[in-house]
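For reference, the chains in residue letters:
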Amino acid sequence: MRTDADVLTAPGLAPDLSWREDALCAQAGPEFFFPAPGSSTREAKQLCGACEGRVACLEYALRHDERFGVWGGLSEKERVRLKRQSR
Ligand code: SF4
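Just so you know, these numbers come straight off a predicted model, no measurement behind them.

> Hey, could you run me through the overall build of the protein chain in this one?
Summing up its helical and strand segments, the protein chain has five helices and zero strands in all. Its helices and strands taken in sequence order, the protein chain reads α-α-α-α-α from the N to the C terminus. Counting over 87 residues, the protein chain shows a buried share of 21%. In the protein chain, 57% of the contacts between residues at least 6 apart in sequence involve partners at least 24 apart.

> Explain the UniProt feature "binding site: [4Fe-4S] cluster" (unreviewed entry) in the protein chain to me, please; I cannot follow it from the model alone.
UniProt feature "binding site: [4Fe-4S] cluster" (unreviewed entry): in the numbering of this structure it lies at Cys25, Cys48, Cys51 and Cys57. Taking the farthest pair of C-alpha atoms as the criterion, the annotated set spanning 33 residues converges on one region, since that pair is 10.9 Å apart. Here Cys25 is to be found in the loop between α1 (4-9) and α2 (30-33). Relative to the assigned elements, Cys51 resides in the loop between α3 (42-49) and α4 (54-63).

> Sorry, what's going on with the site of the ligand here?
In the vicinity of the ligand there are 14 residues, among which Ala23, Cys25, Cys48, Cys51 and Cys57 approach most closely. Among the elements of the structure, α3 and α4 are those that each provide at least two residues to the shell around the ligand. Class assignment of the residues belonging to the shell around the ligand gives a composition of ten nonpolar, three polar and one charged.

> Help me understand the environment of Leu47, please; the structure alone is not making it clear to me.
Along the chain, Leu47 turns up in helix α3. Considered as a pair, Leu47 and Gly73 are 26 residues apart in the sequence and their alpha carbons are 7.9 Å apart. Among residues more than four places away in sequence, those in contact with Leu47 are Leu24, Cys25 and Ala28.

> Is there a simple way to think about the environment of Glu59 in this case?
Here Glu59 is to be found in helix α4. Looking at Glu59, the number of C-beta atoms within 10 Å reads 23, which means it is buried. Sequence separation between Glu59 and Gly72 is 13 residues, and the spatial gap between their C-alpha atoms is 7.8 Å.

> Honestly, unusual backbone geometry in this entry has me stumped. Any pointers?
Note: most peptide bonds trans; most residues except glycine with negative phi. The residue Asp65 is not glycine, and still its phi comes out positive at about 50°. Looking at the secondary structure, you find Asp65 in the loop between α4 and α5 (76-86). Assessed through the 9 C-beta atoms surrounding it within 10 Å, Asp65 is described here as exposed.

Quick notes on the rules
Residues numbered from 1 in each chain as written. Predicted model: local features only at pLDDT ≥ 70, side-chain atom pairs only at ≥ 80, totals over all residues. Helix = DSSP H or I, 4+ residues; strand = E, 2+ residues; numbered from the N terminus. Buried ≥ 20, exposed ≤ 12 C-beta atoms within 10 Å, placed from the backbone. Contact = placed C-beta atoms within 7 Å. UniProt positions renumbered as here; feature names shortened; annotations may be inferred. Near = placed C-beta within 6 Å. Nonpolar A, V, L, I, M, F, W, Y, C, P; charged D, E, K, R; others polar.

Next comes the structure, spelled out in structure tokens:
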């Protein structure tokens, strides 16, 4: 089983965007995953926790340096922290 940290170290993974087809966030509004600064991300993260594409989504966000919103169950700050920990 891959962990969030493994996502950063796996070499040569080709981008697979099929996870978007079943993305649970597609059923929610963009404000849900891109909340205003200071707003809670808890509900978005709960939805991510039930999403089968969570790992692939996080991998995409990390590889493309997505700076805003919740991706793969992690906020911007949490993704930055994960990147720092994996160095
Ligand atoms: S993990 Fe979260 S942000 Fe990523 S596709 Fe699933 S619901 Fe959307």
